[in-house]
Structure formats: structure tokens, C-alpha cells
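Topology and contacts: notes
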Amino acid sequence: MEINKTEHRKFSLQRNIAVAGFFLFIAKLYAWHITGSDAVFSDAMESIVNIIAAFMGLYSLYLAAKPKDTDHPYGHGKVEFITSGVEGALIIFAGIMIIIESTDSLLHGNTLKELNWGILIISLTAAVNYFLGYISYKKGVKENSLVLQSSGKHLQSDTLTTGGVVLSLILVNYTGLFWLDAVVAIVFGGYIIFVGYKIIRKSLKGIMDEADLRMVSDIAELLNKKRKREWIDVHNLKIQQYGSRLHIDGHITLPWYFELREAHSEMEEMIKCIAKSTDRPVEFNFHMDDCKPFSCEICQLFECQVRQRPFVKKVEWTVENIAQQDKHTVND
């Protein structure tokens, strides 16, 4: 399968993250071996989740890059939402695992050793994790890839957890209070559970095509600025996301006496106006409606020779009315 340059860059970045995750896991295992810290062990076990999630993300990017086919007319982009949701679940599992291990250590006690080496190794893994997470998240935002965004958030949350482990090791090293190791790990375990929940919530929004009100609002604002008098009304606007690709449906009301070519030209002008406002690939499915007598109340073509009702007022397109399925009069 031929993959375009953008998808290839995303795939390569995710592959590097997966490989780096494996070596970071080995480093954390070694740190646990020399320190005997339960918190370090929990952090190492979380890295297993990182590795699984990274390779799942890699596979989802491969699927998302596949072109449309007969079985998938909208492409394969929604697989990103599924893998992102699974990754969020894995993050929650890791958080629970850390809390369980740390609670056991808190109840039964544990003596640590070689803390200086442990602090150095774990600190280095935290720095690498954060750097990879930062790059992945920024790239995900730029390319509109939920997989890279969730992968970046995952790595950054892992950095905070690892930072908590480092902090606990430093405190234990200087105070001799071994229970601090477990307490700090429990706190950060709870934090990454919250991060996992947010990732799952975002993936469910995509799977269920939850309306992106901010995006609809941006389009409404844009069309208000660029509107022509011939664009009597816009309604039934819907936006779906398939990976980095958007699918936008909508209805535009035009004068009923326009010839087909003229009406289609007006619709194309509106579509191009929206397309130029985003750097994302967009597929449009717009429908032309002919104006009805009630449309006269909001129509600004004052020179119209077939007007059946007087003009009442100009209607500003908003999130509420641009997404409304049916409109009748300005008083509805």
C-alpha cells in the first residue's frame, strides 16, 4: 500500500516511540533490580502498557492511512478513536496497578538500596519520555491525529508518574522515611487514571460523532463574515471526523429561480470558503434547497421581483441555528 508523505511521517514517529519505549522499559527494570523500589517496579510495569499502546497506535496509523474502498467508503480513520480508547483503558489499568503495588509496599514496608543510581537512571527515562511525548502531542495537533495526541499525553503522564518516583527516591534517600516512596506513587497513580479517563472520553466523542461545537461555531462565524445576499440560509450543518479527515454535510438555501449552473456555482463558492479556512483534508456533501415563501422574511435580495413576504430581519448564523435541521420563519 502506498502511503502519502504526511501519513508516513506520522507512522515513522509512532514507530520510533514504540522502539524507544522498549529500551526505556529495560532501563527501568534495571533500576528496579538495583534499588528494590516497589515504586520503580510499578513504573517499569507501566512502561509495558506504553509499549503495547505504542504498537497499537502504530497499527492504527497504518490502517488509517489506507485509502477508501468499497467496504469503507469514508476511509479507515475512525480506527484511531478505537485504539485511542483502548490506550486510555490501558493507562487506567496502569494507574490501578501502581496504586495496588504502592499500597502493598505502604502496608508491609520495604527497604531501598543504591538510590543514587536509581535516581539517575529513572530521571533520564523521565526526560526521554517527556521529550518524546512533547513531540508526539505537537505533531498530533498539527496533523490532527488522535493517536499521536493520546500517545503524547500518555508519555507525558508517564513522565509525571516517573517524576513522582524520582521525588520519592530523593526524599527517602535523605530522610530514611521509606513509606514516602509508596505515598507519592499512589498520588500519581490516581492522576494517570484521570488522564486515561479523559483519553477514553475523547475517543468516545469521535466514535459517536459527538458534535464539535467549537468547530461549528468557527464555521458559522466564517460564513457570517463571507456571506453573500444570495446565500439565503445555511442549516443542517454536521461535521464528522475520520482520523485527520473531516466530512462536512450541510444545506444551503438559494433563490428558487436560479438556474442549476448558477445555484451550483454559489454552493461551490461556499464550500471553497470553508475549505480554505482549515488545513485539514475535507470531504463535503452539500445539498441545495430552493427558497420557500417563509424564506422571504430573512432574504436580503431586496430587488427580488417574486417576493411573497416582507423582509423582517437579518438572521445571524450561530451554532444553534446553523445546525438546525428545519427552519420555517424567523419566529420559530
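A few points on the structure.

Parameters and conventions
Residues numbered from 1 in each chain as written. Predicted model: local features only at pLDDT ≥ 70, side-chain atom pairs only at ≥ 80, totals over all residues. Heavy atoms only, no water. Helix = DSSP H or I, 4+ residues; strand = E, 2+ residues; numbered from the N terminus. Buried < 20%, exposed > 50% of the residue type's maximum accessible area, 1.4 Å probe, protein only. Contact = heavy atoms within 4.5 Å. Salt bridge = Lys/Arg side-chain N within 4 Å of Asp/Glu carboxyl O. Patch = residues over 30% accessible without salt bridge, like charges linked within 9 Å, V, L, I, M, F, W, Y side chains within 5 Å. Areas by Shrake-Rupley, 256 points an atom, 1.4 Å probe, with all protein chains shown as cover. Expected span 1.5 Å × (residues − 1). Pairing = 2+ DSSP bridges. Right-handed = clockwise from strand over helix to strand, strands pointing away. Arc of directions from axis to C-beta. Lys, Arg positive; Asp, Glu negative; His and termini not counted. Charge placed at Lys NZ, Arg CZ, Asp CG, Glu CD. Axes fitted to C-alpha atoms, helices over the stretch in contact; angles between N-to-C directions. Parallel < 35°, antiparallel > 145°, perpendicular 65-115°, else oblique. Left-handed = near helix turned anticlockwise from the far one by under 90°. Polar contact = N/O pair within 3.5 Å; in protein donor to acceptor, adjacent residues only side chain to side chain.

Next up on the list: the overall build of the protein. Each helix and strand counted, the protein has nine helices and three strands in total. Scanning the protein from its N terminus toward the C terminus, one meets helices and strands in the order α-α-α-α-α-α-α-β-β-α-β-α. For the protein, the residues scored as buried account for 48% of the 332 residues in total. Considering only residue pairs separated by 6 or more positions, the protein has 73% of its internal contacts joining residues 24 or more positions apart.

Taken as a whole and judged by the stated rule, the model has eight salt bridges. Of the charged contacts in the structure, one is a salt bridge between Lys 228 and Glu 269, with a shortest N-O distance of 3.1 Å. Of the two residues, Lys 228 is situated in the loop between α7 (213-226) and β1 (233-242) and Glu 269 in helix α8 (residues 260-275); the sequence distance between them amounts to 41 residues. Overall, Lys 228 belongs to the partly exposed group, its relative accessible area being 25%. Residue Glu 269 is classed as partly exposed on the basis of its relative accessible area of 37%.

With that settled, consider a nonpolar patch on the surface. A cluster of nonpolar residues, Leu 106, Leu 177, Trp 179, Val 183 and Val 187, forms a patch on the protein surface that exposes about 430 Å² of accessible area. Relative to the helices and strands, Leu 106 is located in helix α3 (residues 79-108).

A rise of 1.5 Å per residue sets the reference length of helix α4 (residues 115-143), with its 29 residues, at 42 Å; its end C-alpha atoms lie 41 Å apart and thus fit the reference within 8%. Immediately downstream of α4, the backbone of Asn 144 shows phi near 55°, a positive value.

Let us look at the pairing of strand β3 (residues 282-290). Along any regular strand, the residues point their side chains to alternate faces of the sheet. Note that strand β2 (residues 245-254) and β3 share nine bridges and pair parallel. Its bridge partner lying in β3, Asp 249 is registered against Asn 285. Once the chain exits β2 it traverses α8 before rejoining the sheet at β3, and the crossover so formed is right-handed.

Taking 1.5 Å as the rise per residue, α8 with 16 residues should run 22 Å; its terminal C-alpha atoms sit 22 Å apart, in good agreement. Buried within α8 are the following residues: Ala 263, Glu 266, Met 267, Met 270, Ile 271, Cys 273 and Ile 274. Take α8 and look down its axis: the buried residues cluster within an arc of 160°, on one side only.

Glancing now at unusual backbone geometry. At Glu 114, a residue that is not glycine, the phi angle is positive and equals roughly 45°. Looking at the element boundaries, Glu 114 is found in the loop between α3 and α4. A positive phi is found at Asn 236, a non-glycine position, where the angle reads about 55°. Within the element layout of this structure, Asn 236 appears in strand β1.

A separate point is a positive patch on the surface. The grouping of Lys 153, Lys 198, Lys 202 and Lys 205 at the surface amounts to a positive patch. At three residues, helix α6 (residues 179-207) tops the list of elements feeding residues into the positive patch. One can find Lys 153 in helix α5 (residues 146-175). Here Lys 153 falls in the partly exposed class, since its relative accessible area comes to 38%.

Turning our attention to the packing of α7 against α8. Two elements in contact, α7 and α8, have axes whose closest approach is 10 Å; the angle formed by their N-to-C orientations is 125°. Comparing the axis directions of α7 and α8 gives the class oblique. The crossing of α7 and α8 is right-handed. Listed contacts from α8 to Ile 219, Leu 222, Leu 223 and Lys 226 of α7 are Met 270, Cys 273 and Ile 274.

Considering the arrangement of structural elements, one finds Thr 159 in helix α5. Among the residues examined, Thr 159 registers a relative accessible area of 12% and is labelled buried. A polar contact is formed between the side chain of Thr 159 and the backbone nitrogen of Tyr 130, at a distance of 3.0 Å.

Everything listed is a geometric property; what it means functionally is a separate question.
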